[in-house]
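Here is how the chains run, residue by residue.
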Amino acid sequence: MDVTLFRETLDQLKEVMTGTITEQQARRRELREQLIAVASPEHVPEYFCKNSFSDYYRCSCGWISNGYWDCTGCAWTDWIEHAKSILGLTPRKCPCGKTYTPADGEAACHQLVDND
């Protein structure tokens, strides 16, 4: 997976607010497809719906989103957060409290050691 391209596509998706509603929807659909292409083959989401209303995504790695009553967008957001976490785009906290982003080459400045 290409972390840089995933991040750039996600940023573009967040900023799609120009043009008509139809143009915005088409651009968002295009960017969603690009996110999936960048994440493949390790993290391809597949949409499922149980009982006509329980929407969720299952990732090709085995991860499953929460189920949402008639809210595909919520399940999609869960998958994006899953992919961001795997790619190291989600900020993490060092034991000292400092935040760092692994995708940017950052790492924790401290490690907890078990003294057993």
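Above this text you will find the structure in question.
Rules and cut-offs
Residues numbered from 1 in each chain as written. Predicted model: local features only at pLDDT ≥ 70, side-chain atom pairs only at ≥ 80, totals over all residues. Heavy atoms only, no water. Helix = DSSP H or I, 4+ residues; strand = E, 2+ residues; numbered from the N terminus. Rg over C-alpha atoms; globule rule 2.2 N^0.38 Å. Buried < 20%, exposed > 50% of the residue type's maximum accessible area, 1.4 Å probe, protein only. Contact = heavy atoms within 4.5 Å. Areas by Shrake-Rupley, 256 points an atom, 1.4 Å probe, with all protein chains shown as cover. Salt bridge = Lys/Arg side-chain N within 4 Å of Asp/Glu carboxyl O. Pairing = 2+ DSSP bridges. Expected span 1.5 Å × (residues − 1). Patch = residues over 30% accessible without salt bridge, like charges linked within 9 Å, V, L, I, M, F, W, Y side chains within 5 Å. Lys, Arg positive; Asp, Glu negative; His and termini not counted. Charge placed at Lys NZ, Arg CZ, Asp CG, Glu CD. Disulfide = S-S within 2.5 Å.

*Asks:* Give a description of the overall build of the protein chain that names residues and reports values.
*Replies:* When you go through the protein chain residue by residue, the secondary structure sums to 3 helices and 5 strands. Mapped in sequence order, the helices and strands of the protein chain form the string α-α-β-β-β-α-β-β. Expected size for 116 residues packed as a compact globule is a radius of gyration near 13 Å; at 17 Å, the protein chain overshoots this value by more than 25%. Considered along the principal axes of its C-alpha atoms, the protein chain spans approximately 55 × 35 × 25 Å. Out of the 116 residues belonging to the protein chain, those deemed buried represent 28%. Counting contacts in the protein chain only where the partners sit at least 6 residues apart, residues at least 24 apart contribute 28% of the total. In the form shown here, the protein chain has an accessible surface area of approximately 7600 Å², with 50% of it arising from carbon and sulfur atoms.

*Asks:* Go over the pattern of salt bridges with me, naming the residues and quoting the values.
*Replies:* By the definition in use, this model includes 3 salt bridges. Linking lysine 84 and glutamate 81 is a salt bridge whose minimum nitrogen-to-oxygen distance equals 3.5 Å. Of this pair, lysine 84 and glutamate 81 both sit in helix α3 (residues 72-87), separated by 3 residues, roughly a single helical turn. Looking at lysine 84, the relative accessible area reads 15%, which means it is buried. The exposure class assigned to glutamate 81 is partly exposed, which follows from its relative accessible area of 37%.

*Asks:* Break down the environment of threonine 101 for me, citing the residues and quoting the values.
*Replies:* Position of threonine 101 relative to the elements: it lies in the segment after β5 (99-100). Along the primary structure threonine 101 and leucine 87 are separated by 14 residues, whereas in three dimensions their C-alpha atoms are 9.9 Å apart. Not counting the four nearest positions on each side in its chain, threonine 101 is found in contact with Arg7, Gly88, Leu89, Pro91 and Glu106.

*Asks:* Could you give an account of the pairing of strand β1 (residues 45-50), naming the residues involved and the relevant values?
*Replies:* Bridging between β1 and strand β2 (residues 54-59) involves 6 bridges; their strand directions are antiparallel. Bridge assignment links tyrosine 47 to a residue of β2, and that residue is tyrosine 57. Turn length for the β1-β2 hairpin, with the two strands adjacent in sequence and antiparallel, is 3 residues, and the turn residue asparagine 51 shows positive phi of about 55°.

*Asks:* Run through α3, naming residues and quoting values.
*Replies:* With 16 residues, α3 should reach 22 Å at 1.5 Å per residue; the first-to-last C-alpha distance of 23 Å fits that figure. Turning to α3, its buried residues are Ala75, Trp76, Asp78, Trp79, Ile80, His82, Ala83, Lys84 and Leu87. Those residues of α3 that are buried are in contact with α1 (3-14), α2 (21-39), β1, β2 and β3 (68-69). At the C-terminal side of α3, glycine 88 shows a positive phi close to 85°.

*Asks:* Give a detailed account of a negative patch on the surface, specifying residues and quantitative values.
*Replies:* Side chains of Asp2, Glu8, Asp11 and Glu15 sit close together on the surface and give a patch of like negative charge. Inspection of the secondary structure puts glutamate 15 in the loop between α1 and α2.

*Asks:* Give me the lowdown on the state of the cysteines, citing residues and values where you can.
*Replies:* For the structure shown, the criterion picks out 1 disulfide. Covalent S-S linkage joins cysteine 71 and cysteine 74, the inter-sulfur distance amounting to 2.3 Å. Its S-S torsion of about 60° marks the bond between cysteine 71 and cysteine 74 as right-handed, since a negative value means left-handed. Look at cysteine 74 and you get partly exposed, because its relative accessible area is 29%. There is no disulfide at cysteine 61, and the cysteine sulfur nearest it, in cysteine 59, is 3.6 Å away.

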